[in-house]
Amino acid sequence: MKKVLVVGAGGFAGGFIVEEGLRRGYQVYAGVRASTSKEYLTDPRIKFVVFDFESPETIAAAIKETFPDENEKWDWIVYNLGATKAISFSDFSKINYEYLKSFIEALKSTGKLPEKFLYMSSLSVMGPRHEKDNGKFTEKDIPQPNTRYGASKLKAEMLLTMENVPFIIFRATGIYGPRDKDYFLMLKTISKGFDFSAGYKRQMLTFIYVEDLAAAIYDALEKAPTGQTYLISEDADYTQKEFRKIALNALGKKRVFSLPMPLWAVKMVSAVAEKWGVAKMKPSTLNRDKYNIMKQRNWKADVSKAKKDFGFNPKVSLKEGISHATAWYKKEKWL
């Protein structure tokens, strides 16, 4: 039985990654912080490991405590820990890069590097490419991140190469599904009769349903070679209008006021929201980084490499996924 550690198991996607590993019969360890909520980590088969990323020396101690036998270790590690928004932009580097660096050093010092280390990166590392030719991102494109978030993720990717970690990198597009809070805010706004969008030019969006992502992670661990990077997305793209229509149908509504905002106005609002978040010491969903993401017109991704190497085949379309997520939000009284 393979031993799998999911670091960042308490996050939105992390819980689903743990569940998929258990479903496949693996021995799954959930890497969490002491403050992590275990609301969705209730299966008695889960083995917990508590990491304090603020204190690097204790990471090695936690690893040794889990595997005192020098011949025992995790076969696979899924590193899902990361920050998508932060109070200070220096926090992106701290959480997305320095924490990873400390974790890799601890694995090496204890002799516990796994056979495969799957790192959850982001399509944001690519930056605004193919804006004019409307082409799809591929793994051959040179990353040019235009956000601090994307830059911190790319920096982490480079670390894995420099440290000779047996990595597999997933550059995932927008992840959504039950329990997610980011796309939930969009659905909540639409449920109230409004749909705000940035800019007037058509924007091509891509998505991946969280359960499809979890399945892809284990398919890659089982079949893909190390040292490879993959773009992960449903093999389809959507306009904002198409997303709105799908959301309306799932919400059981007929009409919504579409309110496109000029980019200069979105930029101004983003800057104000960011400063307000800093004043309140709470990360703002809308900030300068998010503005650059909303400004980008093309998020199309070519997933043919993932299909070829490990049979990547997302089963849930955006229509089905939004329907599943909306039903869950209603059941849990979020909507």
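Going by the structure above, here's the rest.
Throughout, a residue's number is its position along its own chain's written sequence, starting from 1. In keeping with the model being predicted, local features are shown solely for residues with a pLDDT of at least 70 and side-chain atom pairs are shown and tallied solely at 80 or more, while totals for entire chains, interfaces and linings include all residues. Water and hydrogen atoms play no part in the side-chain values, which are based on all heavy atoms of the structure.

Participant: Report on the overall build of the protein chain, specifying residues and quantitative values.
Facilitator: When you go through the protein chain residue by residue, the secondary structure sums to eleven helices and 13 strands. Based on C-alpha atoms, the radius of gyration is set beside the globule rule, defined as 2.2 Å times the residue count to the power 0.38. Since a compact globule built from 335 residues should have a radius of gyration of about 20 Å, the 20 Å found for the protein chain is in line with a globular shape. Put simply, 78% of the contacts in the protein chain that link residues at least 6 apart link residues at least 24 apart. For the protein chain, the exposed surface amounts to about 16,100 Å²; the carbon and sulfur share of it is 53%. Helical segments are the DSSP runs of H or I of at least four residues, strand segments are the runs of E of at least two, and each set is numbered from the N terminus. Contacts were defined at the residue level, with two residues in contact if any of their heavy atoms lie within 4.5 Å. The accessible surface values rely on the Shrake-Rupley method and a 1.4 Å probe; as for residues, cover is taken only from the protein chains in view.

Participant: Any chance you could break down the sheet that holds strand S5 (residues 116-122) for me, citing the residues and the numbers?
Facilitator: Strands pair, by our definition, only if DSSP identifies at least two bridges between them. Spatial ordering of the open sheet is given by S3-S2-S1-S4-S5-S6-S11, a layout of seven strands whose pairing is parallel. At either end of the open sheet lies a strand with only one pairing partner, and these are strand S3 (47-50) and strand S11 (228-232). Here the strands of the sheet are splayed against their neighbours by 20 degrees on average, with no regard to which way each runs. Relative to S5, strand S4 (residues 76-79) runs parallel, the two sharing four bridges. Its bridge partner lying in S5, Ile77 is registered against Phe117. Fitted lines through C-alpha atoms serve as axes, helices being fitted only where they are in contact, and the angles separating the N-to-C directions of these axes extend from 0 to 180 degrees.

Participant: Can you explain the layout of surface pockets? Please cite residues and give values.
Facilitator: Of the pockets and cavities examined, the second largest pocket occupies roughly 240 Å³. Think of a 1 Å grid over the protein atoms and nothing else: a 1.4 Å probe that fits but is trapped marks a cavity, an open set flanked by protein within 12 Å on at least five of seven lines marks a pocket, and residues with an atom within 4 Å of a point count as lining. If you go around the second largest pocket, you meet 16 residues; those closest to its centre are Glu20, Arg24, Glu211, Asp212 and Ala215. At the level of secondary structure, the elements contributing two or more residues to the lining of the second largest pocket comprise helix H1 (12-23) and helix H6 (210-223). It is H6 that contributes the most residues to the lining of the second largest pocket, six residues altogether. Grid points are joined across faces, edges and corners, and a volume is the space filled by probe spheres set on the points.

Participant: Give me the side chain of Asp141: which residues, what numbers.
Facilitator: Relative to the elements of secondary structure, Asp141 occurs in the loop between S5 and helix H4 (148-162). The buried charged residue Asp141 lacks any salt bridge, with Arg129 as its nearest oppositely charged partner at 4.0 Å. Each polar contact in these results corresponds to two N or O atoms within 3.5 Å; when the atoms are within protein, one needs to be able to donate a hydrogen and the other to accept it, and residues that are neighboring in sequence are counted only if both atoms are side-chain atoms. Polar side-chain contacts of Asp141 include one of 2.9 Å to the backbone nitrogen of Thr138. If sequence neighbours within four positions are ignored, Asp141 has contacts with Met126, Arg129, His130 and Lys136. For every residue, the accessible area (1.4 Å probe, protein chains only) is compared with the maximum for its type, and the residue is labelled buried under 20%, exposed over 50%, or partly exposed between those bounds. Under the convention used here, Asp and Glu are negative, Lys and Arg are positive, and both His and the chain ends fall outside the count. Definition used for salt bridges: Asp or Glu carboxyl oxygen within 4 Å of a side-chain nitrogen of Lys or Arg.

Participant: Before we move on, could you go through unusual backbone geometry and cite the residues and values that matter?
Facilitator: Glycine aside, residues mostly have negative phi, and peptide bonds are mostly found in the trans state. A positive phi angle, close to 60 degrees, is found at His130, a residue other than glycine. Checked against the element boundaries, His130 lands in the loop between S5 and H4. Residue Asn134 is not a glycine yet carries a positive backbone phi of 60 degrees.

Participant: Explain the packing of helix H2 (residues 56-66) against helix H3 (residues 90-109) to me, and be specific about the residues and the numbers.
Facilitator: H3 packs onto H2 with a crossing angle of 45 degrees between their chain directions and a minimal axis gap of 9 Å. Taken as axis vectors, H2 and H3 run oblique relative to one another. You can see that H2 and H3 cross each other, and the crossing is right-handed. Of H3, the residues touching H2 (which contributes Pro56, Ile59, Ala60 and Ile63) are Ser102, Phe103, Ala106, Leu107 and Ser109. Basically, the charged four are Asp, Glu, Lys and Arg, the nonpolar ten are Ala, Val, Leu, Ile, Met, Phe, Trp, Tyr, Cys and Pro, and anything else, Gly included, counts as polar. Each residue belonging to the contact of H2 with H3 can be placed in one class, and the counts come to seven nonpolar, two polar and no charged. Here the angle decides the label: under 35 degrees means roughly parallel, over 145 means roughly antiparallel, 65 to 115 means roughly perpendicular, and every other value means oblique. Take the far helix as the reference: if the near one is turned anticlockwise from it by less than a right angle, the crossing is left-handed, and if turned clockwise, right-handed.

Participant: Please provide a residue-by-residue account of the pattern of salt bridges, values included.
Facilitator: Enumeration over the complete set of coordinates arrives at 16 salt bridges. Close ionic contact of Lys136 with Asp235 constitutes a salt bridge, the shortest N to O distance being 3.9 Å. Highlighted residues: Lys136 in the loop between S5 and H4 and Asp235 in the loop between S11 and strand S12 (238-239), separated in sequence by 99 residues. Owing to a relative accessible area of 36%, Lys136 belongs among the partly exposed residues under this scheme. Taking the relative accessible area as the measure of exposure, Asp235 reaches 38% and is therefore partly exposed. What emerges from the salt-bridge pattern is a single network uniting Glu20, Arg23, Arg24, Asp219 and Glu222.

Participant: Provide a residue-level description of the packing of aromatic side chains, including the pertinent values.
Facilitator: Aromatic contacts are taken between Phe, Tyr and Trp rings whose centres are within 6.5 Å, Trp giving its six-membered ring; a plane angle under 30 degrees counts as stacked, one over 60 as edge-to-face, and the others as tilted. Across all of its chains, the model carries 33 aromatic pairs by this definition. Through successive ring pairs, a cluster of aromatic residues spans Phe51, Phe53, Tyr79, Tyr99, Phe103, Phe117 and Tyr119. Criterion for a charge above a ring: Arg CZ or Lys NZ at most 6 Å from the ring centre, at most 35 degrees from the ring normal. A cation over a ring is seen here: Lys155 above Tyr97, with NZ or CZ 4.2 Å from the ring centre. One cation-aromatic arrangement involves Lys305 over Tyr230; the distance from NZ or CZ to the ring centre is 5.1 Å.

Participant: Just give me the short version of the environment of Lys38, but keep the residues and values in it.
Facilitator: When you line up the elements, Lys38 lands in the loop between strand S2 (27-32) and S3. Looking at Lys38, the relative accessible area reads 40%, which means it is partly exposed.

Participant: Describe the packing of helix H5 (residues 182-191) against helix H7 (residues 240-251), and please don't skip the residues or the numbers.
Facilitator: Across the interface, H5 lies against H7 with an axial gap of 10 Å and an inter-helix angle of 70 degrees. Comparing the axis directions of H5 and H7 gives the class roughly perpendicular. Contacts between H5 and H7 involve Met186, Leu187, Ile190 and Ser191 from the first element and Phe243, Ala247, Leu248 and Leu251 from the second. Across the contact of H5 with H7, the residue classes break down as seven nonpolar, one polar and no charged.

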